[in-house]
Amino acid sequence: MVMIKRVVRIAGCFRALGWAAIWLVMASSGMARADYRDSVAVLRIGLVETHVATTDPVKLEAIRSAFANALAIPVEIIKLGSYAALIDAHASGRVGYAIHSARSYAATEAACSCVRAFRSPVAADGSTGFRSVLVARDGVNIPVAELKVGYSSEASVSGWQIPHQAIRAGSLDQPELVRGGSVASVIDLYREGSIDGFFAWVPDVPGEAGSDLERLFGGWNQSLIQSADPLRIVWSSQRIPYGPHAVHRSLPDDLVDALGVFLDGMASSAPGLMDIFEPAYGGGYVTPDPEDYRNVRGLVEALSDPQSAHYRR
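Enquirer: Any details on the overall build of the chain? Residues and values, ideally.
Expert: Across its full length, the chain holds ten helices and twelve strands. Of all intrachain contacts in the chain linking residues separated by at least 6 positions in sequence, the fraction that spans at least 24 positions is 77%. On the chain, roughly 15200 Å² of surface is accessible, and the fraction owed to carbon and sulfur atoms is 55%.

Enquirer: Can you break down unusual backbone geometry residue by residue, with the values?
Expert: Of note, the phi angle at Ala-72 is positive, near 60°, even though the residue is not glycine. With relative accessibility at 48%, the residue Ala-72 sits in the partly exposed group. Of note, Ser-113 is a non-glycine position whose phi angle comes to about 50°, a positive value. Looking at the element boundaries, Ser-113 is found in the loop between α5 (102-112) and β4 (115-121).

Enquirer: Now, about the pairing of strand β7 (residues 176-179): what can you tell me, with residues and values included?
Expert: Regular strands have side chains that alternate between both faces of the sheet. Summarising the sheet, strand β6 (residues 148-151) and β7 pair through four bridges and their orientation is parallel. Each bridged residue has a counterpart across the sheet, and for Lys-148 the counterpart in β7 is Glu-176. In this region the chain leaves β6, passes through helix α6 (residues 157-169) and returns to the parallel neighbour β7; the handedness of that crossover is right-handed.

Enquirer: Hey, could you go over the sheet that holds strand β1 (residues 43-48) for me, with residue numbers and the actual values?
Expert: The strand order β2-β1-β3-β11-β4-β12 describes an open sheet built from six strands, whose pairing is mixed. Edge strands, defined here as strands with exactly one partner in the open sheet, are β2 (75-80) and β12 (285-286). Sheet topology places β1 next to strand β3 (residues 97-99); two bridges connect them, and they run parallel. Bridge pairing links Ile-45 to Tyr-97 in β3. Of the strands in this sheet, β1, β2 and β3 are in contact with helix α3 (residues 57-71), which crosses β2 at around 140°. Here helix α4 (residues 83-91) sits on the sheet in contact with β1, β2, β3, β4 and β11 (245-248), set at roughly 160° to β3.

Enquirer: Summarise the packing of aromatic side chains; cite the residues concerned and give the values.
Expert: For the structure shown, the criterion picks out twelve aromatic pairs. Three or more aromatic residues link up through ring pairs in this structure, and these residues are Phe-67, Tyr-97, Phe-118, Phe-262 and Phe-277. Over the aromatic face of Tyr-36 sits the side chain of Arg-37, whose NZ or CZ is 5.7 Å from the ring centroid. In this structure, Arg-137 packs its charged tip against the face of Tyr-190, placed 4.1 Å from the ring centre.

Enquirer: How would you explain α5 if you had to name every residue and give the values?
Expert: The buried fraction of α5 is high, at eight of eleven residues. Three or more residues of α5 are buried, namely Ala-102, Arg-103, Ser-104, Tyr-105, Ala-106, Ala-107, Thr-108 and Glu-109. Lining the buried residues of α5 we find α4, β4, α6, β10 (240-241) and β11. Phi for Ser-113, located one or two positions after α5, is positive at around 50°.

Enquirer: Explain the state of the cysteines to me, and be specific about the residues and the numbers.
Expert: What the rule picks out here adds up to one disulfide. Between the sulfur atoms of Cys-112 and its disulfide mate Cys-114 the distance is 1.9 Å. Its S-S torsion of approximately -70° makes the covalent link between Cys-112 and Cys-114 left-handed. Look at Cys-112 and you get partly exposed, because its relative accessible area is 28%.

Enquirer: How would you summarise α4 if you had to cite specific residues and measurements?
Expert: For α4, the complete set of buried residues consists of Tyr-83, Leu-86, Ile-87, Ala-89 and His-90. Two or three places before Ala-84, at the start of α4, stands the capping residue Ser-82, its side-chain oxygen 3.4 Å from that residue's backbone nitrogen. Where α4 terminates, the next one or two residues include Gly-93, which has phi positive at roughly 85°.

What counts, and at which threshold
- Residues numbered from 1 in each chain as written.
- Predicted model: local features only at pLDDT ≥ 70, side-chain atom pairs only at ≥ 80, totals over all residues.
- Heavy atoms only, no water.
- Helix = DSSP H or I, 4+ residues; strand = E, 2+ residues; numbered from the N terminus.
- Contact = heavy atoms within 4.5 Å.
- Areas by Shrake-Rupley, 256 points an atom, 1.4 Å probe, with all protein chains shown as cover.
- Buried < 20%, exposed > 50% of the residue type's maximum accessible area, 1.4 Å probe, protein only.
- Pairing = 2+ DSSP bridges.
- Right-handed = clockwise from strand over helix to strand, strands pointing away.
- Axes fitted to C-alpha atoms, helices over the stretch in contact; angles between N-to-C directions.
- Phe/Tyr/Trp six-rings, centres within 6.5 Å; stacked < 30°, edge-to-face > 60°.
- Lys NZ or Arg CZ within 6 Å of the ring centre and 35° of its normal.
- Disulfide = S-S within 2.5 Å.
- Polar contact = N/O pair within 3.5 Å; in protein donor to acceptor, adjacent residues only side chain to side chain.

In structure tokens form, the structure reads like this:
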């Protein structure tokens, strides 16, 4: 009798262990399935209407479909009329993922502390940002305050807002300013001798020292610039990173990871999509440091100017 009871107790233990094992298998399989696809019904991507793809329904659908297939969840693309509208939509959570300008991201972060930059684009030349510079005629050696300096318009980040911030902060003397209205007009003013120099921008490539004057305005209109008197750099701002891809902090980490993997592979696996989705760059993506956009925070108030709402650099 004692032996029978012992056998029954042992059998009961095995049954308990068996049920425990079954529960563990079911729990672990449930955990494996419990990812962002269970909690995110739809991913809404915010794009400003000045993005090239927003004017072409075929391109917009190609982007939506590619993201939906890669993430295995429904995706909607929300077109917004300005970066100010994008800030509002992202800060409120109406879009979960957005392509920002550097300053619209800084403004969104300042408004709610609810977004994080997880990738930033790399240009074809390897640059990950730019610097605003003041260039002057090499033969003119007078103080900055006595220079006659051209700028394109108040809407330009590199040509007006960054230098203006430096002037207000006292890190750059204020020259005599001449408004050209456009970069081409500023170059014409310089070539005809009406100004001593002008504000411009140069790409910033990690690991490279100094600034290459042949890359003023990203190399645009170099033939005209080089046909005039030689230039020298008088002043340079700190590095401003290119506008990031950012997510609302309410999105699950594994969804953000999946987005990063998709973007990282886009240049090699889907170069045609890269041309549509990131037409201004094309060199892939890097993971930005959280402090990369610190230098832009002083420009946040510029977004209240409706003239500047559509500028990304």
